[in-house]
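A closer look at the structure
What follows is each chain in one-letter form.
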Amino acid sequence: MLDNTLAIGEVAQRSGIKVSTLHYYEEKGLITSWRTEGNQRRYHRSVLRRVAIIRIAKSAGISLRIIKSHLDKFPTREVSRENWQDMSREWRDMLNERITSLLQLRDQLDSCIGCGCLSLKDCPLRNPDDSLSEEGPGARLLIDQSPLL
Ligand code: FES
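Everything in this summary refers to the structure shown in the same document.

Conventions and cut-offs
- Residues numbered from 1 in each chain as written.
- Predicted model: local features only at pLDDT ≥ 70, side-chain atom pairs only at ≥ 80, totals over all residues.
- Heavy atoms only, no water.
- Helix = DSSP H or I, 4+ residues; strand = E, 2+ residues; numbered from the N terminus.
- Buried < 20%, exposed > 50% of the residue type's maximum accessible area, 1.4 Å probe, protein only.
- Contact = heavy atoms within 4.5 Å.
- Areas by Shrake-Rupley, 256 points an atom, 1.4 Å probe, with all protein chains shown as cover.
- Patch = residues over 30% accessible without salt bridge, like charges linked within 9 Å, V, L, I, M, F, W, Y side chains within 5 Å.
- Salt bridge = Lys/Arg side-chain N within 4 Å of Asp/Glu carboxyl O.
- Pairing = 2+ DSSP bridges.
- Axes fitted to C-alpha atoms, helices over the stretch in contact; angles between N-to-C directions.
- Parallel < 35°, antiparallel > 145°, perpendicular 65-115°, else oblique.
- Nonpolar A, V, L, I, M, F, W, Y, C, P; charged D, E, K, R; others polar.

1. Side note on the overall build of the protein chain
Looking only at helices and strands, the protein chain has 6 helices and 3 strands in total. Seen in sequence order, the protein chain has helices and strands lined up from the N terminus as β-α-α-β-β-α-α-α-α. Per-residue burial over the protein chain gives 25% buried out of 149 residues. Residue pairs in contact within the protein chain that sit at least 24 positions apart in sequence constitute 49% of those at least 6 positions apart. When the accessible surface of the protein chain is split by element, carbon and sulfur atoms take 53% of a total near 10,400 Å².

What follows is the structure, encoded as structure tokens:
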């Protein structure tokens, strides 16, 4: 094609994404197309950049919902280099928070290995930050947990 439009097969071929996945992205509102008079989908060439961003973000574990919320800021135009820098910076911060929380979880798991108690009172995974202590004394916990009451 000589213009700025691509058929779905071309988008799939050039982005390395299956046609079915492109349909899914479109259904979720991440990319858009229009129909020709012959009822064939057409995409603006800039969709390739969008798809690349979606792929990168997904591989970093960013949800489609979050990706969409960022891409929605640019509904009708190409995502610029600066736009991508802003997005990736924000996602980097998000990933750092996730890494920190996973490291904390890993360290808490270390104390559980070989224990097996799964105690509501003592296990840091079942009672993170000892949050149950704020709700009252242990005896109350026993009453709340009883299947007979
Ligand atoms: S299983 Fe015993 S402390 Fe977590």
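2. Observations concerning a nonpolar patch on the surface
Together, Leu 102, Leu 105 and Leu 109 make up an exposed nonpolar region whose accessible area comes to about 260 Å². Here Leu 109 lies in helix H5 (residues 81-112). A residue is classified by how much of its surface remains accessible, and Leu 109, at 42% relative accessible area, is partly exposed.

3. Points about the sheet that holds strand S3 (residues 41-44)
The strand order S1-S3-S2 describes an open sheet built from 3 strands, whose pairing is antiparallel. Taken across any chain shown, the strands that pair with only one partner, and hence form the sheet edges, are strand S1 (5-7) and strand S2 (34-35).

4. As for the pattern of salt bridges
Considering all chains together, one arrives at 5 salt bridges under this definition. Between Asp 122 and Lys 121 there is a salt bridge whose closest N-O contact spans 3.7 Å. The class of Lys 121 is exposed, set by a relative accessible area of 61%.

5. With respect to the packing of helix H1 (residues 8-15) against helix H2 (residues 19-27)
Two elements in contact, H1 and H2, have axes separated by 9 Å at closest approach and are oriented at 105 degrees. Put simply, H1 runs roughly perpendicular to H2. Between H1 and H2, the contacting residues are Ile 8, Val 11 and Ala 12 on the first element and Val 19, Leu 22 and His 23 on the second. Among the residues forming the contact of H1 with H2, the class breakdown is 5 nonpolar, 1 polar and no charged.

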